[in-house]
Protein chains: 2
Amino acid sequence: MSIKSPPPDIVIGRLPIYLRALELLSRQGLEVTSSYELGERLGASSAQIRKDLAQFGDFGKQGTGYNINFLMEQLRQILQVNRVWEVVVMGAGHIGQALIHYQGFSQNQYRIVALFDTDTQKIGQNVNGITIHSADQAAAYVAEHQIKFAMLTTPADAAQTTADLIIEAGIQAILNYAPITLNVPEHVRVEYIDPISKLQHMTYYIEIDNETELASQDATDD
Amino acid sequence: MSIKSPPPDIVIGRLPIYLRALELLSRQGLEVTSSYELGERLGASSAQIRKDLAQFGDFGKQGTGYNINFLMEQLRQILQVNRVWEVVVMGAGHIGQALIHYQGFSQNQYRIVALFDTDTQKIGQNVNGITIHSADQAAAYVAEHQIKFAMLTTPADAAQTTADLIIEAGIQAILNYAPITLNVPEHVRVEYIDPISKLQHMTYYIEIDNETELASQDATDD
DNA sequence: TAGATTGTTAATCGATTAACAATC
DNA sequence: TAGATTGTTAATCGATTAACAATC
């Protein structure tokens, strides 16, 4: 009678964090962990971790906890990260070129296969073994190689049209470094890398020391 | 009798997004906007935007909406982003050096004033006008200049000890690029820049085309 | 067995949305 | 005035936490 509801998106978003913590524990030579240990390391409640994992199966053993390597493998399967994914980068400015050099992507099986820009000065240049191609060719490339992932590092005012272009060609997931909210169809996911808004978020809470304040006040007293 | 509860953190986190949208509208020459227009641009409900803003004051006019420049100024005051904030960068690897070159920080009044690393090969080198200093000197620098912000770009295994060091010296906000969850005291905020976990989150939802699947299947039929 | 820890239910908490009187 | 849009309340929805029987 009851239809199982899909796992909440917020839970999916936490699985990569759990996976990373497990990888660390595994590297440290541990074989088993518990929702309490994971929770402590990640600043989450053990209840949340148990409930999140239980969405996808019975991965633990009462009294013992979770086998680290087994749980890692399960999470990789669930997330579909147990294979290599090819990625294109749109925009060969500072951010785009920095992404090419970032080892973390390849270490996690995201392989950057092409880099596109509109600047004719840049086209043909080589960045760490990747040639910069004309943005005109991006759609054809994405379609031909059935690429699903793009990182978007164009200026803000080019981001939406660039996104439209590559979505049309088959892109399903965009990691957006451009400081603008994208409008995309239902079947396309967007995640935002937005250091400015995160800095501004934290800035709200900053407390200024008294001395600093006093130094900029008028000397109205005595 | 009733004590006004502080604005939820999740609301604070959306204010920078609203601010950025307003800046865009302002650049486009508009003077007034509405919760409906903002909501459409940002993929949020108009009710949410009105409720979020009403946490901080009555900024709108019935029948008219919000004066863009006025609301921008109010949000900047609330977030404390209407001044320059100095920032130190811990770690002069690829990410740290890329951050030095990123214009977005200075455009938004976050001024990177120092860069620290433990690698004696790097110390003394100059990155876009910023000298790389020994990480040993970071705490003293932070304390002397009363720096509140740090960006953390060390390897994962150095991140926690580096954080401890600069928190002790007075850092209140850390933008963490290292792929590890930090443990920090109550009064310190941490935000994570984590492209890998965002890619992995999206990967869960990727749908593979039939042809691709078929190509990797055994030819068991006919 | 005793101790530990899971998976799950129910209770709590918090966030979002719908709706509308107020009013520009 | 009529139309538009706010600020706010109440209803709904969803996420987190507490608690514990089951069981390794």
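Here the structure is a predicted model, which means the values were calculated and not measured. (Residues numbered from 1 in each chain as written. Chains lettered and ligands numbered in written order. Predicted model: local features only at pLDDT ≥ 70, side-chain atom pairs only at ≥ 80, totals over all residues. Heavy atoms only, no water.)

K.L.:
Break down the interface of chain B and chain A for me, with residues and values.
P.N.:
Each partner contributes residues to the interface: chain B has 64 residues there, and chain A has 64 residues. The largest per-residue losses of area from chain B upon contact with chain A belong to Q200, M202 and Y204 of chain B, which jointly make up 12% of the total buried on that side. In this assembly, chain B and chain A are joined by 24 residue pairs in polar contact (both at pLDDT 80 or more). With nine residues, helix 9 (residues 195-203) of chain B is the single largest residue contributor to the side of chain B that touches chain A. Residue classes in the side of chain B that touches chain A are distributed as 36 nonpolar, 15 polar and 13 charged. (Contact = heavy atoms within 4.5 Å. Buried area = accessible area lost by both parts, 1.4 Å probe. Polar contact = N/O pair within 3.5 Å; in protein donor to acceptor, adjacent residues only side chain to side chain. Helix = DSSP H or I, 4+ residues; strand = E, 2+ residues; numbered from the N terminus. Nonpolar A, V, L, I, M, F, W, Y, C, P; charged D, E, K, R; others polar.)

K.L.:
Summarise the protein's contact with DNA strand D; cite the residues concerned and give the values.
P.N.:
Surveying the vicinity of DNA strand D reveals 26 residues, the closest of which are R14 of chain A together with S35, R50, G60 and Y66 of chain B. Put simply, 58% of the atoms of DNA strand D that lie within 4 Å of the protein are in sugar or phosphate. In the model, a phosphate oxygen of DNA strand D is placed 2.5 Å from a nitrogen or oxygen of the S35 of chain B side chain. Residue Y66 of chain B places a side-chain N or O atom 2.7 Å away from a phosphate oxygen belonging to DNA strand D. Listing elements by their share of the surface near DNA strand D, those giving two or more residues are helix 1 (9-27) and helix 3 (46-54) of chain A together with helix 2 (35-42), helix 3 (46-54), strand 2 (60-61) and strand 3 (65-67) of chain B. At four residues, the largest contribution of residues to the surface near DNA strand D is made by helix 3 of chain A. (Near = heavy atom within 4 Å.)

K.L.:
I'd like a rundown of the relation of the copies chain B and chain A, residues and numbers included.
P.N.:
With an RMSD of 0.0 Å, chain B superimposes on chain A once it is rotated by 180 degrees and translated 0.0 Å along the axis. Both chain copies can therefore be described as sitting about a two-fold axis. In this assembly the copies share their binding face: 100% of the residues contributing to the interface of chain B also contribute to that of chain A. (Least-squares fit on C-alpha atoms with pLDDT ≥ 70 in both.)

K.L.:
Residues and numbers for the sheet that holds strand 1 (residues 32-33) of chain B, please.
P.N.:
Residues and elements named next belong to chain B. Read from one edge of the open sheet, three strands run 1-3-2, paired in antiparallel fashion. Either end of the sheet is taken by a strand with one partner, and the two such strands are strand 1 and strand 2. Direction of pairing for strand 1 relative to strand 3: antiparallel, over a ladder of two bridges. Considered in strand 3, the bridge of T33 is made with Y66. Here helix 4 (residues 68-79) sits on the sheet in contact with strand 1 and strand 3, set at roughly 75 degrees to strand 3. (Pairing = 2+ DSSP bridges. Axes fitted to C-alpha atoms, helices over the stretch in contact; angles between N-to-C directions.)

K.L.:
Which residues make up the nonpolar core, and what values go with them?
P.N.:
L75, F105 and M151 of chain A together with L75, F105 and M151 of chain B are the most contacted members of the largest nonpolar core, which totals 86 residues. If we ignore the near neighbours within four places in the chain, the residues touching F105 of chain B are P195, I196 and L199 of chain A together with L99, Y110, I112, M151 and Y177 of chain B. (Core = buried A, V, L, I, M, F, W, Y, C linked by side-chain atoms within 4.5 Å. Buried < 20%, exposed > 50% of the residue type's maximum accessible area, 1.4 Å probe, protein only.)

K.L.:
Can you tell me about the protein's contact with DNA strand C, naming the residues and giving the values?
P.N.:
The environment of DNA strand C is formed by 26 residues, the closest being S35, R50, G60 and Y66 of chain A together with R14 of chain B. Taking the atoms of DNA strand C that fall within 4 Å of the protein, sugar and phosphate contribute 58% of them. R14 of chain B has a polar side-chain atom sitting 3.0 Å from a phosphate oxygen of DNA strand C. Those elements that provide at least two residues to the surface near DNA strand C are helix 2 (35-42), helix 3, strand 2 (60-61) and strand 3 (65-67) of chain A together with helix 1 (9-27) and helix 3 of chain B. Sorting elements by how many residues they give to the surface near DNA strand C places helix 3 of chain B first, with four residues. Residue classes in the surface near DNA strand C are distributed as seven nonpolar, 11 polar and eight charged.

K.L.:
A description of the pairing of strand 8 (residues 149-152) of chain B should follow, citing residues and the corresponding values.
P.N.:
Residues and elements named next belong to chain B. The side-chain alternation of strand 8 yields two buried faces, one formed by F149 and M151 and the other by A150 and L152. Two elements, strand 4 (residues 85-90) and strand 8, share four bridges in a ladder whose sense is parallel. Among the inter-strand pairings, V87 is bridged to a residue of strand 8, identified as F149. Relative to strand 9 (residues 173-176), strand 8 runs parallel, the two sharing four bridges. Bridge assignment links F149 to a residue of strand 9, and that residue is A173.

K.L.:
Could you give an account of the confidence of the model for chain A, naming the residues involved and the relevant values?
P.N.:
Scored by pLDDT, chain A comes out at a mean of 94, with 92% of its residues at no less than 70. The low-confidence segment residues 214-222 of chain A, where pLDDT is below 50, has zero contacts with residues more than four positions distant or belonging to other chains. (pLDDT = per-residue confidence, 0-100.)

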